[in-house]
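Now for the letters of each chain:
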Amino acid sequence: MTDTLTKTDSLSKTAGANAPINDTRKAELLAKQVKHIDIKSFDARPIVDAMSDMSFTSRDLGRATKIYNEMLADKDCTVCLVIAGSTSAGGCMDLYAELIRNNMVDVVVATGATIVDMDFFEGLGHKHYQALEIPDDDTLRSLYIDRIYDTYIDEEQLQDCDFTINKIANELEPRAYSSREFIRAMGKYLSEHGKKENSLVKLAYEHDVPIFCPAFVDSSAGFGLVKHQVDQMKAGKPYLMIDAVADFRELTEIKIQAGTTGLLMIGGGVPKNFIQDTVVCAEILGHDDVQVHKYAVQITVADVRDGACSSSTLQEAASWGKVNTGIEQMVFAEAGSVMPLLASDAYHRGHWKDRPVRKWGAIFGNK
């Protein structure tokens, strides 16, 4: 395998059409790091209370925050954090980590990009940058800078993430793993070698909070795992693989054992549908008494008119037998602008201080 240093050295010499990278120009564009918001540093309760007496999205956010606080106050409720989109890259990464650290979340379901390309990436010591200037994207490509709207990632650093995933895979027993199981190995790696304390992946490992990525290889992990399999096949050796069915089975097992559950969903897509489908899967397995998700909040900017899962309302999900229509709230807003208020309010109200510690990851024998 080509090691990371050799790979990145070669990239610094050739990019785009074999043109040298302009290191000065690249440094100019990657000059200002994204600073992740600290929900403990301010108390959002007064503003959320005031917004609750307003109308439109403000009132929706007030009710959504109230529902999340109800989840935390309900000692029987397992709280599932569901993340799609790029809020982690945009400044909410430490926010999500604090939810893990303070027992405000019991299970995480997310996209591979959220877990690998964003959180694990920063856990290795890399950063996201504010795009204060956006030249044409062909120029960014020639400089090996990846763009998420107004946020930059250094592609050379992202390839370090790819190779680290490959390294972890090479050191594990060659067999089938659920994404939860492999992400736990990533958390262990960060606990031993990481360079950032506030990593969701690291803290989830240390607190036995399971993380599921139903489309795990649709991320930086995919590149590292493909290289692992190809190298092992060339050497005539067995290789590791990700078992997506095990993901569904394990998450459904948590739903069956948990009973009362609440969903805090940022964005939509596959993670949203995956966590909701556990109710139906449990019924198919013969658990006719399984409860629908009692509480549900979704923050999204998706348009409800195209029939997509990302934008489908929680009322619509009730028709599928997935959620309770009584304690749910849609908030149509860009999540990076409202999640800090919701999370800070819940942190300062303090219902998390009396919650049971569930450690759902431990039911799988810490594999």
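Reading the values: the criteria
Residues numbered from 1 in each chain as written. Predicted model: local features only at pLDDT ≥ 70, side-chain atom pairs only at ≥ 80, totals over all residues. Heavy atoms only, no water. Helix = DSSP H or I, 4+ residues; strand = E, 2+ residues; numbered from the N terminus. Axes fitted to C-alpha atoms, helices over the stretch in contact; angles between N-to-C directions. Parallel < 35°, antiparallel > 145°, perpendicular 65-115°, else oblique. Left-handed = near helix turned anticlockwise from the far one by under 90°. Contact = heavy atoms within 4.5 Å. Nonpolar A, V, L, I, M, F, W, Y, C, P; charged D, E, K, R; others polar. Patch = residues over 30% accessible without salt bridge, like charges linked within 9 Å, V, L, I, M, F, W, Y side chains within 5 Å. Areas by Shrake-Rupley, 256 points an atom, 1.4 Å probe, with all protein chains shown as cover. Salt bridge = Lys/Arg side-chain N within 4 Å of Asp/Glu carboxyl O. Buried < 20%, exposed > 50% of the residue type's maximum accessible area, 1.4 Å probe, protein only. 1 Å grid on protein atoms, 1.4 Å probe; cavity = no way out; pocket = protein on both sides within 12 Å on 5 of 7 lines; lining within 4 Å. Points joined across faces, edges and corners; volume = space filled by probe spheres on them.

**Focus on the environment of valine 79**
- Structurally, valine 79 is set in strand S1 (residues 78–83).
- Taking the C-alpha atoms as reference, valine 79 lies 7.3 Å from leucine 264; in sequence the two are 185 residues apart.

**Observations concerning the packing of helix H6 (residues 112–123) against helix H9 (residues 179–193)**
- Relative orientation of the contacting elements H6 and H9 amounts to 20°, with a least axis distance of 10 Å. As summarised for this structure, H6 and H9 are arranged roughly parallel, according to the angle between their axes. The element H6 and its partner H9 pack so that their crossing is right-handed. Mapping the contact onto sequence places Ile115, Val116, Phe120 and Gly123 in H6 and Ile183, Met186, Tyr189 and Leu190 in H9.
- Grouping the amino acids of the contact of H6 with H9 by side-chain chemistry returns seven nonpolar, one polar and no charged.

**What about the packing of helix H5 (residues 87–101) against helix H15 (residues 335–349)?**
- Across the interface, H5 lies against H15 with an axial gap of 10 Å and an inter-helix angle of 15°. In this view, H5 runs roughly parallel relative to H15, as classed from their interaxial angle. The interaxial crossing formed by H5 with H15 has left-handed handedness. On the side of H5, the interface is formed by Thr87, Cys92, Leu95, Tyr96 and Leu99, while H15 contributes Ala335, Gly336, Met339, Pro340 and Ala343.
- Here the contact of H5 with H15 is composed, by residue class, of eight nonpolar, two polar and no charged.

**Section: a nonpolar patch on the surface**
- A contiguous nonpolar patch, built from Val226, Val230 and Met233 and spanning about 250 Å² of accessible area, is present on the exposed surface.
- The residue methionine 233 is located in helix H11 (residues 220–234) in this model.
- A relative accessible area of 46% places methionine 233 in the partly exposed class.

**Structural notes on the layout of surface pockets**
- Approximately 230 Å³ is the volume attributed to the largest pocket.
- Lining of the largest pocket is provided by 15 residues; of these, Ala84, Gly85, Ser86, Gly267 and Val301 occupy positions nearest its centre.
- Taken as a whole, the second largest pocket holds about 150 Å³ of empty space.
- Lining the second largest pocket, in full, are Lys32, Gln33, Val34, Lys35, Gly90, Gln130, Ala131, Leu132, Asp150 and Thr151.
- For the lining of the second largest pocket, a count of residues per class yields three nonpolar, four polar and three charged.

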